[in-house]
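So the chains spell out like this:
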Amino acid sequence: MNSRSPLGFELTTSPNPNDKGRKRILDLGNGSEVIYISRFLPCDESWKWLGYLDKEIPWTRPSLRVFGRSCTQQRDICYIASEGLPELSYSGYQPCAYSWDDFPPLKIILDAVHEALPGSSFNSLLLNRYKSGSDCVAWHSDDEKLYGPTPEIASVSFGCEMDFLLKKKPSKALPAQSTSRCLKGKAADHHSFMLKHGLLFVMRGHTQRDWLHSVPKRVKAGAIRINLTFRNHWSSKHGAQEKYAFLLLFLFSLFVSVLVRVLPVVSAIVAVLVRVLPAVPAIITGSLSCLYITKFIFQHKDKS
Ligand SMILES: O=C(O)CCC(=O)C(=O)O
Ligand SMILES: [Fe+2]
């Protein structure tokens with residue numbers, strides 16, 4: 001796939017077939033997993049993408065309200081969403097939603113991500129730019145209701161390598177101390193990944209429900225890093241469709257359970273009818289004959 005960028009160079013997403021990165025899947029347990037494909041985009045192309053994104057995207061560094069205090073977000077962001085989606089809002093900030101048509105080359109990466117993740121369907125994109133070593137993302141999970149119960153979040157990285165950390169949320173069922181003791185020797189509750197230039201990293205299943213992630217500050221102030229996080233924003237239409245499907249399923253199961261109870265009664269009535277019906281002509285003829293004989297006897301009795 002090719003598209004001419006506003007900068008005049010060809011932007012492609014067709015990775016070098018000889019250098020195509022392998023898809024690795026890490027099962028985090030309890031229905032959470034991450035996928036990473038290094039060299040998802042070829043190195044040279046990824047540098048072109050970095051240049052394009054750095055110059056063409058209208059980056060903003062928003063002011064947020066966190067625990068009642070205002071602070072500046074420690075990275076630049078931009079938000080792109082398909083038409084008709086409800087507005088995104090977090091920590092008292094509502095980013096302006098740009099359209100995919102404002103940045104047509106981004107559709108090339110969107111298509112490549114869809115191709116790499118069969119069944120995925122992303123309709124919004126949050127772009128992050130880390131300009132210096134002090135830019136970062138604190139521990140959080142992207143578990144907003146608008147992403148649904150098991151969000152799939154696919155992120156493509158460009159530029160300077162940064163660490164991506166995952167840590168398990170404390171279990172609600174057990175006190176914090178006994179949780180770590182219980183998990184000892186079992187599945188790890190911390191993971192660290194290197195977000196390399198051109199890498200596709202995906203979190204899915206219950207990862208947002210059960211895990212926190214962060215991109216910590218770098219000790220050495222390095223070069224710029226840009227990251228694209230593709231998300232599927234549940235529209236109210238999806239929610240309504242789900243409720244409607246649930247109602248239909250409920251009515252159908254109610255109908256089946258009533259049918260299962262009523263069916264034996266109906267079949268008993270049918271069985272009785274099947275036995276009685278052939279006798280009906282005989283019963284009618286017999287009754288009429290009786291009537292006629294009784295009438296005949298009474299008429300002759302009156303005359304005599
Ligand atoms: O920069 C990254 O790789 C992660 C960004 C992130 O976690 C987010 O935008 O929610
Ligand atoms: Fe995140």
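Further up the page is the structure itself.
This structure is a prediction, so every number in the text was calculated from the model and none was measured.

Cut-offs applied
As a convention, each chain's residues are numbered from 1 in the sequence order in which they are written. Here the convention is simple: chains get letters from A, ligands get numbers from 1, in the order in which they are written. In keeping with the model being predicted, local features are shown solely for residues with a pLDDT of at least 70 and side-chain atom pairs are shown and tallied solely at 80 or more, while totals for entire chains, interfaces and linings include all residues. Hydrogens are left out, water is left out, and the side-chain values use all remaining heavy atoms of the structure. Definition of nearness: a residue and a molecule or strand are near each other if at least one heavy atom of the residue lies within 4 Å of the molecule or strand. N or O atoms closer than or at 3.5 Å make up a polar contact, with two conditions inside protein: a donor-capable atom paired with an acceptor-capable one, and, for residues adjacent in sequence, both atoms drawn from side chains. Cavities and pockets were defined on a 1 Å grid built over protein atoms only: a cavity is a set of grid points that admits a 1.4 Å probe from which the probe cannot escape, a pocket is an open set flanked by protein on both sides within 12 Å along at least five of seven lines, and lining residues are those with an atom within 4 Å of any such point. A cavity or pocket is said to hold a molecule if more than half of that molecule's atoms lie within 2 Å of its grid points. Shown as donors are all N, O and S atoms within 2.8 Å of a metal ion, widened to 3.2 Å for Na, K and Ca; because water is not in the atom set, sites may appear incomplete. A helix here means a DSSP run of H or I that spans at least four residues, while a strand means a run of E at least two residues long, and both kinds are numbered starting from the N terminus. With a 1.4 Å probe rolled over the protein chains alone, any residue whose accessible area is under 20% of its type maximum counts as buried; one over 50% counts as exposed, and the rest are partly exposed. Whether two aromatic rings pair depends on their centres lying within 6.5 Å, for rings of Phe, Tyr and Trp, where Trp uses its six-membered ring; planes under 30 degrees apart make the pair stacked, over 60 edge-to-face, and the rest tilted. Either the NZ atom of lysine or the CZ atom of arginine qualifies as a charge over a ring when it sits within 6 Å of the ring centre and within 35 degrees of the ring normal. In this analysis, strands are considered paired if DSSP registers two or more bridges between them. To get an axis, a line is fitted to the C-alpha atoms, and for a helix only the part in contact is used. The angle between two axes follows their N-to-C directions and goes from 0 to 180 degrees. Just to be clear on terms, a salt bridge is a Lys or Arg side-chain nitrogen sitting within 4 Å of an Asp or Glu carboxyl oxygen. The criterion used for residue contact is that any of the two residues' heavy atoms lie within 4.5 Å.

Caption draft 1: Up close: the site of ligand 1. If you check the shell around ligand 1, you find Asn 128, Tyr 130, His 140, Asp 142, Leu 195, His 213, Val 215, Arg 225, Asn 227 and Arg 231 and nothing else. The side chain of Asn 128 places a nitrogen or oxygen atom 3.0 Å from an oxygen atom of ligand 1. A distance of 2.4 Å separates an oxygen atom of ligand 1 from a polar side-chain atom of Tyr 130. More than half of the atoms belonging to ligand 1 lie within 2 Å of the grid points that define the largest pocket.

Caption draft 2: Structural detail: the coordination of the iron ion (ligand 2). The protein atoms that coordinate the iron ion (ligand 2) are His 140 (NE2), Asp 142 (OD) and His 213 (NE2), at distances of 2.1 to 2.2 Å. Here the donor residues of the iron ion (ligand 2) are spaced in sequence according to H-x1-D-x70-H. Taken together, the positions of His 140 in strand E10 (residues 137–140) and His 213 in strand E15 (residues 211–215) put the pair 73 residues apart, joining distant regions of the chain. According to the relative accessible area criterion, His 213 is buried, its value standing at 5%.

Caption draft 3: Inspection of the packing of aromatic side chains at higher detail. Under the definition given, this model contains nine aromatic pairs. A centroid spacing of 4.7 Å and a plane angle of 55° characterise the contact between Phe 164 and Phe 201, whose relative ring orientation is tilted. In this pair, Phe 164 sits in strand E12 (residues 162–168) while Phe 201 sits in strand E14 (residues 200–205), placing the two residues 37 residues apart along the sequence. For Phe 164, a relative accessible area of 7% puts it in the buried group. Here a set of aromatic residues connected by ring pairs shows up, and it is made of Tyr 36, Phe 164, Phe 193 and Phe 201. For Lys 167, the ring lying beneath its charged end belongs to Trp 139, and the centroid distance is 4.5 Å.

Caption draft 4: View of the sheet that holds E10. Taken in spatial order, the four strands make up an open sheet running E10-E15-E12-E13, and their pairing is antiparallel. Two strands in the sheet have a free side with no partner beyond their single neighbour: E10 and strand E13 (190–195). Put simply, the sheet's adjacent strands are angled 15° from each other on average, direction ignored.

Caption draft 5: Spatial organisation of the side chain of Asn 123. Within the fold, Asn 123 resides in the loop between helix H2 (106–116) and strand E9 (124–130). Owing to a relative accessible area of 11%, Asn 123 belongs among the buried residues under this scheme. Engagement of the side chain of Asn 123 in a polar contact is seen with the side chain of Asn 232, the distance being 3.1 Å. Only 2.7 Å separates the side chain of Asn 123 from the backbone nitrogen of His 233, close enough to count as a polar contact.

Caption draft 6: Region of interest: the pattern of salt bridges. Evaluation of the coordinates by the stated rule reveals 11 salt bridges. Where Arg 204 meets Glu 33, a salt bridge forms, and the shortest distance between an N and an O atom there is 2.9 Å. Of this pair, Arg 204 sits in strand E14 while Glu 33 sits in strand E4 (residues 32–37), and the two are 171 residues apart along the sequence. Arg 204 gets classed as partly exposed once you look at its relative accessible area, which sits at 24%.

Caption draft 7: The environment of Asn 128, seen in detail. Note that Asn 128 resides in strand E9. By relative accessible area, Asn 128 is classed as buried at 5%. As a C-alpha pair, Asn 128 and Asp 76 span 52 residues in sequence and 5.7 Å in three-dimensional space. The contacts of Asn 128, once residues within four sequence positions are left out, are Trp 59, Arg 75, Asp 76, Ile 77, Arg 225, Ile 226, Asn 227 and Thr 229. Among the polar contacts made by the side chain of Asn 128, one reaches the side chain of Arg 75 at a distance of 2.8 Å.

All we've got here are geometric facts, nothing functional implied.
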